[in-house]
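Letter by letter, the chains look like this.
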Amino acid sequence: MMEDIYAELLQKTATGDQLAFKKLYEETSPKLMSLCLRLMRTEALAEDVLQEGFIKVWEKADTFTPGKGRALTWMSTVIRNKGLDKLRSLKTKAAETEIQYEGLEFASADLQPDNMEDLSQDVKGLMACLDTLKPDQKECILLSYYYGHTHQELANKMGRPLGTIKAWIRRGLEDIRPCLT
Amino acid sequence: MSNVNNRANNSTKRYQNPELFEQLAIEYAAGSMQGRAKKRFETLMETHFYLRAVVDAYENKFATLVELLPDAKPSNQVWAGIESHIKASAPQEKKTSWWKTSFFKQGFGLAAMAIVVSAVLLLNPMTVTPTSYAAILESDSNVAMAMTKIKKSDMTLTVDIMKKVNVPDNMELTLWCHPKDGGIPMKMGTISESGKTNIKISKKEWQNMKDVGFLAISIEHINDNKIVKPSGKILLHGQLTTASLN
């Protein structure tokens, strides 16, 4: 696992260590760019968000508390929230996408053992919780998280009534709550 | 006007129901809360710190999903932009000094400043036995929320909550002193949601203060006397330092 290195790099970043920050960027930006691409739908916007997000990481690194979470997790929350703010301000519509990321194959249950080794216990635990849901419910929740889809967009995409989508997500999250705590 | 106030009060009451706010927090963290409901919830999070704490916990859970994503290398321009921003801001202090925080903007900081300055000027930790300790307790979003003083002269621990912390029904705030080297914290007692709470401390508790690293206020179920460490969310926390207090 690389996680301890990220935490150490982030803590060094908090002291103003620019080399550590660059190393942190090099190590984590491919995953975080992938998240930005899904959320923002265009490469230009994704790179804007990634850049603004990393600047925020630089400025707020001293608020990271290792005992309360892992560095990559903390950074992805900072950057995802930046992306959501941007989406809200731009009111970007799904129709404006230039990049298509339709599937969720990367989050499938058929992950190869090699890939599984690199995953933290936390994400394995989360996936185990999500696997207890009906496939459609799990798909809605993951699409909502990764792509920031609205309920209406999910309804359109999945060809289901809006009320059904809302109920799936609400009940799905309600059902996994005990599993997550 | 009274109808508006009633609606606001009822809305706040609703969010103090643990079942409801847990569900809303997980919906927010998962990204499924939208539109006006999301804005309303974000406004409430600004003042209801337990909501922020619960959301943070769920956001941490969902954020692990980033691990599953395939890598996508950004262009070199991204780092160039970040680097130029860092260099442009380099002459300034990288980190916002604690005395520039909202704590001071709120006017709560002068007392803390006086404590820290006097601690620096008057105390030499190598040679002087401390007569007081102090801690500024912050929320997860690094907003200073409370001031804690522990004085040997009257063997009293005082917590002054500057901004009311909204606590759900059937729950209360509990103060803990965590040892520097880890281990079981000292449970100091229940804290009022706003204003000052004075707690008398024993001689043994005073002696133990020299080994305390940080203080934390957690949210616990009322009358749950058996807990020996925080079982609920930590809402506020801060380092304990020696001080010189009157």
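One numbering rule holds for all chains: residues counted from 1, following each sequence as written. Written order determines the labels here, with chains lettered from A and ligands numbered from 1. Only residues with pLDDT of 70 or above have their local features reported here, since the model is predicted, and side-chain atom pairs are shown and tallied only from 80 upward, although totals for entire chains, interfaces and linings are computed over all residues.

**Let's talk about the nonpolar core**
So, point 1. To count as a nonpolar core, a set of buried Ala, Val, Leu, Ile, Met, Phe, Trp, Tyr and Cys residues must be joined through C-beta atoms within 7 Å. Counting other C-beta atoms within 10 Å of each residue's C-beta, where C-beta atoms are placed from the backbone, gives the exposure class: buried for 20 or more, exposed for 12 or fewer, partly exposed between. Residues C36 and L50 of chain A together with A25 and L65 of chain B are the most contacted members of the largest nonpolar core, which totals 100 residues.
So, point 2. Working definition: helices are DSSP H or I runs of at least four residues, strands are E runs of at least two. Numbering for both runs from the N terminus. At 10 residues, helix α2 (residues 18–40) of chain A tops the list of elements feeding residues into this core.
So, point 3. Two residues form a contact once the distance between their C-beta atoms, set from the backbone, is within 7 Å. Aside from chain neighbours lying at most four places away, what touches L65 of chain B is V123, L126, Y145 and Y146 of chain A.

**Let's talk about the interface of chain B and chain A**
So, point 1. Listed as interface residues are 34 residues of chain B and, on the opposing side, 43 residues of chain A.
So, point 2. In terms of residue count, helix α5 (residues 76–89) of chain B provides more of the side of chain B that touches chain A than any other element does, six residues in total.
So, point 3. Gly is put with the polar residues, along with every residue not named as nonpolar or charged; the nonpolar set is Ala, Val, Leu, Ile, Met, Phe, Trp, Tyr, Cys and Pro, and the charged set is Asp, Glu, Lys and Arg. A class-by-class count of the residues in the side of chain B that touches chain A yields 15 nonpolar, 10 polar and nine charged.

**Concerning the packing of α2 of chain A against helix α4 (residues 71–90) of chain A**
Residues and elements named next belong to chain A.
So, point 1. Lines are fitted to the C-alpha atoms to define the axes, a helix being fitted only along its stretch in contact, and any angle between axes, read from their N-to-C directions, falls within 0 to 180 degrees. α4 packs onto α2 with a crossing angle of 30° between their chain directions and a minimal axis gap of 10 Å. When the interaxial angle is binned, α2 and α4 end up roughly parallel. When the axes of α2 and α4 are compared, the crossing they make is right-handed. For the pair formed by α2 and α4, the contact residues are T28, L32, L35, C36, L39 and M40 on the first element and L72, M75, S76, I79, R80, G83 and L87 on the second.
So, point 2. Among the residues forming the contact of α2 with α4, the class breakdown is nine nonpolar, three polar and one charged. Throughout, the term roughly parallel applies to angles under 35 degrees, roughly antiparallel to angles over 145, roughly perpendicular to angles from 65 to 115, and oblique to all others. By the definition used in this description, the sense in which the near helix is turned from the far one sets the handedness, with an anticlockwise turn below a right angle giving left-handed and a clockwise turn giving right-handed.

**Notes on helix α7 (residues 135–147) of chain A**
All names here are of chain A.
So, point 1. In this scheme, a helix's expected span is set at 1.5 Å multiplied by one less than its residue total. Along its 13 residues, α7 runs 17 Å from first to last C-alpha, staying within 8% of the 18 Å computed at 1.5 Å per residue.
So, point 2. Buried residues of α7: Q137, K138, E139, C140, I141, L142, L143, S144, Y145, Y146 and Y147, and no others.
So, point 3. Once α7 finishes, G148 follows within two positions and takes phi at roughly 65°, a positive value.

**Remarks on unusual backbone geometry**
Trans is the prevailing form of peptide bonds, just as negative phi is the prevailing case for residues other than glycine.
Residues and elements named next belong to chain B.
So, point 1. Even without glycine at this site, M155 takes up a positive phi of about 50°.
So, point 2. Here M155 shows up in the loop between β2 (144–151) and β3 (156–161).
So, point 3. The partly exposed category is assigned to M155, around which 14 C-beta atoms lie within 10 Å.

**Concerning the environment of T242 of chain B**
So, point 1. Relative to the assigned elements, T242 of chain B resides in strand β9 (residues 241–243).
So, point 2. Classification of T242 of chain B by C-beta neighbours within 10 Å gives buried; the count is 20.

**Remarks on the pairing of β2 of chain B**
All names here are of chain B.
So, point 1. Counting buried positions along β2 yields seven of eight residues, so the element is predominantly enclosed.
So, point 2. Bridge analysis of β2 against β3 gives six bridges, and the strand direction is antiparallel. Within β3, the position partnered with T148 by the bridge is V159.
So, point 3. Two strands are said to pair when DSSP picks up at least two bridges between them. Taking the residues between adjacent antiparallel strands as the criterion, β2 and β3 are bridged by four residues, where M155 takes a positive phi near 50°.

**Some words on the packing of helix α8 (residues 151–158) of chain A against helix α9 (residues 162–180) of chain A**
All names here are of chain A.
So, point 1. Contact pair α8 / α9: the axes reach a minimum separation of 9 Å and the direction vectors enclose 110°. By the angle between their axes, α8 is roughly perpendicular relative to α9. Read as a crossing pair, α8 and α9 show a hand that is right-handed. Together, H151, Q152, L154, A155 and M158 of α8 and L162, I165 and K166 of α9 make up the contact between the two elements.
So, point 2. Of the residues that constitute the contact of α8 with α9, the class distribution is five nonpolar, two polar and one charged.

**Concerning the confidence of the model for chain B**
Residue and element names in this part refer to chain B.
So, point 1. The predictor attaches a confidence to each residue, and that confidence, scored 0 to 100, is pLDDT. Within chain B, residue pLDDT values average 76, and 74% of them lie at 70 or more.
So, point 2. Highest mean pLDDT in chain B belongs to strand β5 (residues 186–191) (91); lowest belongs to helix α7 (residues 109–122) (44).
So, point 3. Note that pLDDT drops below 50 for residues 91–110; the model gives that stretch 18 contacts with residues more than four away or on any other chain.
So, point 4. The ipTM for the predicted assembly is 0.87, set against a pTM of 0.62.

**A look at the pairing of strand β7 (residues 212–221) of chain B**
So, point 1. Sheet topology places strand β4 (residues 171–179) of chain B next to β7 of chain B; nine bridges connect them, and they run antiparallel. Bridge assignment links C177 of chain B to a residue of β7 of chain B, and that residue is L215 of chain B.

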